[in-house]
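Examination of the molecular architecture
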Amino acid sequence: KADAAVKKASKKSLINMYKTPNWQWGINAFYGRSNIVEGLISSDKSLAQSLSNPGPGGFYDTVFHNKHPYTSSDAYGFGVLIQKKIAKHSFISAGINYTHLSVKSDINKTVDSAITISSFNGTANYFINSYAQPGPIKKYTSNYNFIELPVYFQQEFLQAKNIRFSYNAGISLRRLISSDALIYNQYNNVYFSKNELFRKTQFQFMAGLNFKFNTGKNSSLYIGPQLTYSLSDLIKNSS
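Residues numbered from 1 in each chain as written. Predicted model: local features only at pLDDT ≥ 70, side-chain atom pairs only at ≥ 80, totals over all residues. Heavy atoms only, no water.

1. Some thoughts on the packing of aromatic side chains
For the coordinates displayed, the defined rule picks out nine aromatic pairs. When the centroid spacing of 5.5 Å and the interplanar angle of 45 degrees are considered together, the rings of F78 and Y98 count as tilted. Within this pair, whereas F78 is found in strand β2 (residues 71-87), its partner Y98 is found in strand β3 (residues 90-111), the two being separated by 20 residues in sequence. Judged by relative accessible area, which is 48%, F78 ranks as partly exposed. When the ring of F157 is compared with that of Y167, the centres are 6.2 Å apart and the planes differ by 50 degrees; the resulting orientation is tilted. One end of the pair, F157, is in strand β6 (residues 131-160); the other, Y167, is in strand β7 (residues 163-179), and 10 residues separate them in sequence. When its relative accessible area of 34% is taken as the criterion, F157 is described as partly exposed. (Phe/Tyr/Trp six-rings, centres within 6.5 Å; stacked < 30°, edge-to-face > 60°. Helix = DSSP H or I, 4+ residues; strand = E, 2+ residues; numbered from the N terminus. Buried < 20%, exposed > 50% of the residue type's maximum accessible area, 1.4 Å probe, protein only.)

Here's what the structure looks like:
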């Protein structure tokens, strides 16, 4: 019992004496859900305003029209970061991440026929060789792959033994590197592909809460929920 008490006291003393280094590095990973094409509060804003026939060979099945052309799907990412201590329990972090986001759509069928896609307000037209009609026949997953450069502030608080709470908030710069996504057009009620309409560079707001677990003298683990919200429109022409 005496030996156990001595070891416990020594361990507690080492924990209390240990100081967080001014510079640290780490790795991060996340898994969650994405709804990259919707606003923070979504309603029926994607409901088609016009179901006009697009031209020869085109036909719309309005019975199966989906008010919500996208539903949330998988999101994941991983990367590396460095962290600079700026106060006793405060840090500035920066890094580089690979981020994958996706959404799903109900697709009825694909039509191999030329069509001119018009924006809702009639300010732009795009020539498309084929398009897909909405309907609950199969699920199509639109994938978006980004390289991301986050910078954020982090502060720890409420220390209890080897556990601390922390929060973080910051911004990130994303660059779209690849996509096989479908764009939904309200005016024609069709899905189509045209990657040049996507905004390649985007800015994000990010924030989160974490539990910090000390896993060793020189290592710790952060676990908690994170939220990222885009400050940039995904489509260049939002109409």
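Having seen the structure, we can now continue with the description.
2. As for the confidence of the model for the protein
For the protein, the mean per-residue pLDDT works out to 80, and 77% of the residues sit at or above 70. Low pLDDT (under 50) marks residues 43-65, which in the prediction has 54 contacts with non-local residues, meaning those over four places away or in another chain. (pLDDT = per-residue confidence, 0-100. Contact = heavy atoms within 4.5 Å.)

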